[in-house]
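An overview of the molecular structure
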Amino acid sequence: FFFLMIRRPPRSTQSRSSAASDVYKRQIQKNPQTQFVMYSFFVSTIALLLIISSVKLIQDIIEDPHKATQISYYSIAWVSVWDCYYCLTHLFLGLVIPEFFNYFITPTLWFFTMFSLFDMRLMLLLRKYQYEQQWISQNQNITKKSFFFQLRYYGILIIGLILLKEHATSNIFLVLANLYAIPQIIHVIRRQSAFNLRVANLILFFGCRAAIPLYFRGCPDNFLEYKPSYTFLGVMCGLIAFQLIIIYFQRRYGYDFLLPDFLLKPSYDYFFELKQERNYLSLLEQDECPICFMSLSHKPSETDQTELNQREKRIKRMNTGKLMKTPCEHIFHSECLINWMGVKLMCPTCRRDIPPL
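Note that the structure is predicted; figures quoted are calculated from it, not measured.

Re the overall build of the chain
The number of helices and strands found in the chain is 14 helices and three strands. Counting every position in the chain, which comprises 357 residues, the buried fraction comes to 46%. Counting contacts in the chain only where the partners sit at least 6 residues apart, residues at least 24 apart contribute 74% of the total. In the structure as shown, the chain presents an accessible area of about 19,100 Å², 61% of it carried by carbon and sulfur atoms.

Overview of the environment of Gln250
Mapped onto the fold, Gln250 is located in helix H11 (residues 230-253). C-alpha separation for the pair Gln250 and Asn196, spaced 54 residues apart in sequence, amounts to 9.4 Å. If we ignore the near neighbours within four places in the chain, the residues touching Gln250 are Ile185, Val188, Ile189, Phe195 and Tyr255.

Regarding the packing of helix H9 (residues 199-207) against H11
Interhelical geometry of H9 versus H11 gives an angle of 160 degrees and a closest axis separation of 10 Å. In terms of orientation, H9 lies roughly antiparallel with respect to H11. Here the hand of the crossing between H9 and H11 comes out right-handed. When H9 is examined against H11, the residues Val199, Leu202, Ile203, Phe206 and Gly207 are found in contact with a partner set consisting of Leu244, Ile247, Tyr248 and Arg251. When grouped by side-chain class, the residues that make up the contact of H9 with H11 number seven nonpolar, one polar and one charged.

Let's talk about the packing of aromatic side chains
The full count for this structure, using the stated rule, is 20 aromatic pairs. Ring plane angle 75 degrees and centroid distance 5.3 Å describe the contact between Phe147 and Phe148, whose orientation is recorded as edge-to-face. Joined through ring pairs, the aromatic side chains of Phe36, Tyr39, Phe42, Phe100, Tyr103, Phe104, Tyr215, Phe216 and Tyr226 make up one cluster. The cationic tip of Arg209 hangs over the ring face of Phe205; the distance from NZ or CZ to the ring centre is 4.7 Å. The positively charged end of Arg217 is found above the aromatic ring belonging to Tyr226, 4.9 Å away from the centroid.

Digging into the pattern of salt bridges
On inspection of all chains with the given rule, the structure shows three salt bridges. In this structure, Asp83 and Arg209 form a salt bridge, with 2.9 Å as the shortest nitrogen-oxygen distance. With Asp83 in helix H4 (residues 73-96) and Arg209 in the loop between H9 and helix H10 (211-218), this pair connects stretches of sequence that are 126 residues apart. Taking the relative accessible area as the measure of exposure, Arg209 reaches 1% and is therefore buried.

Quick notes on the sheet that holds strand E2 (residues 323-325)
Sheet architecture is open: three strands sit in the order E1-E2-E3, paired in antiparallel fashion. With partners counted over all chains shown, the strands left at the sheet margins are strand E1 (271-272) and strand E3 (331-333), one partner each. In this sheet, E3 lies alongside E2 in antiparallel orientation, the contact comprising three bridges. Residue pairing across strands places Met324 opposite Phe332, the latter belonging to E3.

Section: the packing of helix H3 (residues 34-63) against H9
Following both chains from N to C, one finds H3 and H9 inclined at 135 degrees, their axes separated by 9 Å at the closest point. Considering the angle they form, H3 stands oblique to H9. Here H3 and H9 pass one another in a crossing that is left-handed. Side by side, H3 and H9 meet where Leu50, Ser53, Ser54, Lys56, Leu57 and Asp60 of the first sit next to Asn201, Leu202, Leu204 and Phe205 of the second. Of the residues contributing to the contact of H3 with H9, the split by class is five nonpolar, three polar and two charged.

Observations regarding the state of the cysteines
In this structure the tally under the stated criterion is zero disulfides. Cysteine Cys84 shares no disulfide, and the gap to the nearest cysteine sulfur, in Cys87, comes to 6.2 Å. Cys84 sits in the buried class, given a relative accessible area of 11%. Residue Cys328 stays outside any disulfide, its sulfur separated by 3.5 Å from that of Cys350, the closest cysteine. Note on Cys328: relative accessible area 15%, which makes it buried.

Topic: the side chain of Gln150
Inspection of the secondary structure puts Gln150 in helix H6 (residues 142-167). Discounting chain neighbours no more than four positions away, the residues touching Gln150 are Met120 and Arg127.

Observations concerning unusual backbone geometry
The residue Glu329 is not glycine, and still its phi comes out positive at about 70 degrees. By the secondary structure assignment, Glu329 is in the loop between E2 and E3.

Regarding the confidence of the model for the chain
When pLDDT is averaged along the chain, the result is 78, and 75% of the positions lie at 70 or above. Least confident of the elements in the chain is helix H1 (residues 2-5), whose mean pLDDT is 37; most confident is H4, at 91. Of the regions scoring below 50 in pLDDT, residues 1-17 engages in twelve contacts with residues more than four places distant in sequence or in other chains.

Structural notes on a nonpolar patch on the surface
Residues Phe147, Phe148 and Leu151 make up a contiguous nonpolar surface patch of roughly 320 Å² in combined accessible area. When you line up the elements, Phe148 lands in helix H6.

Here we look at the environment of Leu357
In this structure, Leu357 sits in the segment after helix H14 (334-341). What makes Leu357 buried here is its relative accessible area of 11%. On a C-alpha basis, the gap between Leu357 and Gln192 in space is 8.9 Å, while along the polypeptide they are 165 residues apart.

Quick notes on the rules
- Residues numbered from 1 in each chain as written.
- Predicted model: local features only at pLDDT ≥ 70, side-chain atom pairs only at ≥ 80, totals over all residues.
- Heavy atoms only, no water.
- Helix = DSSP H or I, 4+ residues; strand = E, 2+ residues; numbered from the N terminus.
- Buried < 20%, exposed > 50% of the residue type's maximum accessible area, 1.4 Å probe, protein only.
- Contact = heavy atoms within 4.5 Å.
- Areas by Shrake-Rupley, 256 points an atom, 1.4 Å probe, with all protein chains shown as cover.
- Axes fitted to C-alpha atoms, helices over the stretch in contact; angles between N-to-C directions.
- Parallel < 35°, antiparallel > 145°, perpendicular 65-115°, else oblique.
- Left-handed = near helix turned anticlockwise from the far one by under 90°.
- Nonpolar A, V, L, I, M, F, W, Y, C, P; charged D, E, K, R; others polar.
- Phe/Tyr/Trp six-rings, centres within 6.5 Å; stacked < 30°, edge-to-face > 60°.
- Lys NZ or Arg CZ within 6 Å of the ring centre and 35° of its normal.
- Salt bridge = Lys/Arg side-chain N within 4 Å of Asp/Glu carboxyl O.
- Pairing = 2+ DSSP bridges.
- Disulfide = S-S within 2.5 Å.
- pLDDT = per-residue confidence, 0-100.
- Patch = residues over 30% accessible without salt bridge, like charges linked within 9 Å, V, L, I, M, F, W, Y side chains within 5 Å.

Pasting the structure below:
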């Protein structure tokens, strides 16, 4: 596929190719090494930050597989397209400018590692923990579904690479192509459930990639001699910041941040008071909460250090002293179950999925 991407261009694009070659020759004559060394260091640093954020994201999913359901499949596929494109582009630049091949091969290897190891590992974890459980519950053929899962991923990858190759110099296309956090935002809203991934990892994971097109559109001394476009720079930075701010507020204030009520699904009512459930009185005197192992008639001590967002803290504060009953008829202290639901949406007793608060 790579050789198809760098095949001999048609006659109409020969002048553009020769013009690019002239730019490279001029850069070699006036900027021997410094500019390419700094660029290589800049891009390698970005790739390292992406790898670090990916490793932490993978660790979070392995420690708590339920967190895989909080990540958008399409966002991961979208950033995979960019990682693969950066890998192929830097390899192509190294072949076109053989005098500085060593400076382009380093970013190539970093982005190849990012794409082939970490992006693929994330996709496999999503398939295992987000989709396979759903397929099993619906009695569907896992082998067939896995095949179409991979086929869809590679289809997005190939189409994305072709589009980037043809339109990578278009400012409008670059702006649209860097909206890869939008599927993640929509995914959280659509699921309407707890979102407790570490927001710093997501900001690094979704924010760093945009630095490379910003360099070529905002730096007057870029080695490809692209003319700076400060309008593009402002729009691009604004949209990237907007996406990251929305992700931060979703993590801090909950999935319903700034959403009108008509877009929210009816929520399950977990809470009840003892006086409203007289038939449970005899049970409560001898039964205990499966989480803290204290009697349900006593208020538990607040020792849990689970990190909750502002919405969950508000619900917890408003329902202090109440009990909660899951759809599977298991009863807990409200303080205990809300802390539990901040980690995973699964009944602590029978391990069934439970709806969000």
